[in-house]
Amino acid sequence: MTPDALLHPRPEGLYCPAGDFYIDPVRPVARALITHGHADHARAGHGKVLATRQTLDIMALRYGDGFCASQQAAEAGSLDVNGVAVSFHPAGHVLGSAQILVEHKGLRIVAAGDYKRGTDPTCADFEPVPCDVFITEATFALPVFRHPDPRSEIAKLLTSLDQFPDRAHLVGVYALGKAQRVIRLIRDAGYDEPLFIHGALETLSRYYQSQGVDLGALQLATDSALTKADFAGKIILGPPSAFGGTWAQRFPDPLIGFASGWMQVRARIRQRGVELPLVISDHCDWQELTDTITELSPDETWVTHGREEALVRWCELQGRKARPLNLVGYEDEAE
């Protein structure tokens, strides 16, 4: 069996004819295998959904209990889907995120979804899975992207708090994964005061806590008992979209920060009006992507979701077979 016969792109997403299922389909399908809960990978409206228990929980929190017709939680070990063996392995991206290994007739393909290699106490670390074909994301697949130690970025935030004690520090974080990781990083840096959060972060943060992720004391920034002065020198976390509206006006002289791998790009910093860029990403940088491919040494590498051409070219220069998948419907670090 050739790799293309086992998995290939279709308008709905990556399709396995032998098992009659899709991986992270962008349109409703009869059977979907989902790598993680971000909206560009996990969509509502499918018939049957197979994912980790935490991803299923997150989808229910985001879309409601009826987000699919039926669901199955992936347990440890291999599952049979219409004669095709599939298994789920930690991806290190967000809570519940998984790489999906598809095995059939001696061929092993790993669809990694989104992944990162650094240690993150809010989710399980990436697990290298030997395979014949590795399907990698390419969100930050340009040599210019080199993510710094996230602890040094949090140190910048805490230093700014000391320097500007009269200003509220608003930190833009996406609701799933980034918010909880940044909160945990702040706690690990020794900051134990209550953190204020936008209501959009509450449900998923509470779910993380229910799964054993200690986020410390969290308080809604909309608490009516709080005055504008109460937020001076405090950290408030929320979705970046909220910072341009009236919600942010309740805080004293807000200093706008944003935690994202894209904060290495000056044009994006200016575009978002960010005063305190924090380069904290839940994706691999260039070195981590190339190191992962070198470590796994698959017969083929398929590249999707981002800067496909540069990573394909790097593979070719290394004498490795590679090609872009050109899947549609996926976004940059949009969660």
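The present account deals with the structure reproduced in this document.

Cut-offs applied
- Numbers given for residues are sequential positions, taken from 1 along each chain in its written order.
- Residue-level local features of this predicted model are given only where pLDDT is at least 70; pairs of side-chain atoms are given and counted only at 80 or more, and the full residue set underlies all totals for whole chains, interfaces and linings.
- Only hydrogens and water are removed before side-chain values are computed, so all heavy atoms of the structure are retained for them.
- Salt bridge criterion: a side-chain nitrogen from Lys or Arg within 4 Å of a carboxyl oxygen from Asp or Glu.
- Side-chain rings of Phe, Tyr and Trp (the six-membered ring for Trp) are treated as a pair once their centres are within 6.5 Å; stacked means planes under 30 degrees apart, edge-to-face means over 60, and tilted covers the remaining angles.
- Burial classes: relative accessible area under 20% of the type maximum marks a residue as buried, over 50% as exposed, and values in between as partly exposed (1.4 Å probe, protein chains only).
- Runs of E in the DSSP output that reach at least two residues are strands. Runs of H or I that reach at least four are helices, and both are numbered from the N terminus.
- DSSP-based pairing: two strands are paired if at least 2 bridges between them are found.
- A fitted line through C-alpha atoms serves as each axis, taken over the contacting stretch for helices, and the angle formed by two N-to-C directions is quoted from 0 to 180°.
- Relative orientations are named as follows: roughly parallel for angles under 35 degrees, roughly antiparallel for angles over 145 degrees, roughly perpendicular for angles from 65 to 115 degrees, and oblique for any other angle.
- Contacts: residue pairs with any heavy atoms within 4.5 Å of one another.
- Any pair of nitrogen or oxygen atoms within 3.5 Å is treated as a polar contact; in protein, a donor-acceptor pairing is required on top of that, and neighbouring residues in sequence qualify only through side-chain atoms on both sides.
- For this text, the term disulfide refers to a pair of cysteine sulfurs within 2.5 Å.
- Put simply, a nonpolar core is a bunch of buried Ala, Val, Leu, Ile, Met, Phe, Trp, Tyr and Cys residues held in one set by side-chain atoms that sit within 4.5 Å of each other.
- Directions are taken from the helix axis to each C-beta atom, and the arc is the one they span.

A look at the pattern of salt bridges
According to the stated counting rule, one finds 17 salt bridges in the structure shown. Linking arginine 10 and glutamate 12 is a salt bridge whose minimum nitrogen-to-oxygen distance equals 3.8 Å. Through salt bridges with shared partners, one network takes in Lys116, Asp120, Arg181 and Asp282.

Thoughts on the packing of aromatic side chains
If you walk through the whole model with that rule in mind, you get 11 aromatic pairs. Aromatic pair tyrosine 15 and tyrosine 22: ring centres 4.6 Å apart, planes at 40°, arrangement tilted. You can call tyrosine 15 buried: its relative accessible area is 10%. When the ring of tyrosine 174 is compared with that of phenylalanine 258, the centres are 5.8 Å apart and the planes differ by 80°; the resulting orientation is edge-to-face. Taken together, the residues tyrosine 174 in the loop between β12 (169-172) and α4 (178-188) and phenylalanine 258 in strand β16 (residues 255-259) connect sequence positions 84 residues apart. Summarising the burial analysis for this pair, tyrosine 174 and phenylalanine 258 share the class buried.

Concerning the sheet that holds β12
Adjacent strands of a sheet form backbone hydrogen bonds with each other and so pair up, either parallel or antiparallel. Taken together, the six strands give an open sheet; going across it, the order is β14-β13-β15-β12-β16-β17, and neighbouring strands pair in parallel fashion. Each having just a single partner strand, β14 (218-220) and β17 (276-278) make up the two edges of the open sheet. On average, adjacent strands in this sheet sit at an angle of 30° to one another, irrespective of strand direction. Here four bridges tie β12 to β16, and the two strands are oriented parallel to one another.

Some remarks on the packing of helix α3 (residues 150-163) against α4
Where α3 contacts α4, the axes come no closer than 10 Å and their chain directions differ by 75°. Viewed along their axes, α3 and α4 adopt a mutual orientation that is roughly perpendicular. From α3, Pro150, Arg151, Ile154 and Leu157 reach across to α4, where they touch Arg181, Val182, Leu185 and Ile186.

Re the sheet that holds strand β18 (residues 300-306)
Taken together, the seven strands give an open sheet; going across it, the order is β7-β8-β9-β10-β11-β18-β19, and neighbouring strands pair in mixed fashion. In the strand order of this sheet, the two ends are held by β7 (79-81) and β19 (321-324), each with one partner. Going from strand to strand, the sheet's axes swing by 25° on average, the running direction of each strand aside. Sheet topology places strand β11 (residues 133-138) next to β18; six bridges connect them, and they run parallel. Bridged to phenylalanine 134 within β18 is threonine 301. Relative to β11, helix α7 (residues 286-296) is tilted by about 175°, and along the sheet it contacts β11 and β18. Along the sheet, helix α8 (residues 308-317) makes contact with β11, β18 and β19, crossing β18 at roughly 160°.

Notes on the side chain of lysine 178
Examined against the element boundaries, lysine 178 turns out to sit in helix α4. There is a polar contact of 3.1 Å between the side chain of lysine 178 and the backbone oxygen of isoleucine 280.

Some points on the state of the cysteines
Each disulfide consists of one covalent bond between the sulfur atoms belonging to two cysteines. Tallied over the full model, the rule gives zero disulfides. Cysteine 16 takes part in no disulfide bond, and the closest cysteine sulfur, belonging to cysteine 131, lies 15 Å away. Cysteine 16 sits in the buried class, given a relative accessible area of 0%. Unpaired in this structure, cysteine 315 has its nearest cysteine sulfur neighbour in cysteine 131, at a distance of 12 Å. Among the residues examined, cysteine 315 registers a relative accessible area of 0% and is labelled buried.

Examining the nonpolar core
Counting 33 residues, the largest nonpolar core has Val173, Val182, Ile186, Leu195, Ile235 and Leu237 as its most contacted members. Looking at this core, the elements with two or more residues in it are α3, α4, β13 (195-197), α5 (202-210), β15 (235-238), β16 and β17. The dominant element in this core, judged by the number of residues it contributes, is α4, at five residues. Residues within four places of leucine 237 in sequence aside, it is in contact with Val171, Val173, Val182, Ile183, Leu195, Phe196, Ile197, His198 and Leu201.

Side note on α8
Listed as buried for α8 are Glu308, Leu311, Val312, Trp314 and Cys315. Buried residues in α8, looked at end-on, bunch into an arc of 155°, giving them a common side. Turned more than 90 degrees off the buried face of α8, the exposed positions are Glu309 and Leu317. After α8 finishes, the residue glycine 319 shows a positive phi value of roughly 75°.

Observations concerning the environment of leucine 195
Considering the arrangement of structural elements, one finds leucine 195 in strand β13. In the structure, leucine 195 is positioned 51 residues away from threonine 246 in sequence and 20 Å away in space, judged by C-alpha atoms. Setting aside residues up to four positions removed in sequence, leucine 195 forms contacts with Ile183, Ile186, Arg187, Ala217, Leu218, Gln219, Ile235 and Leu237.

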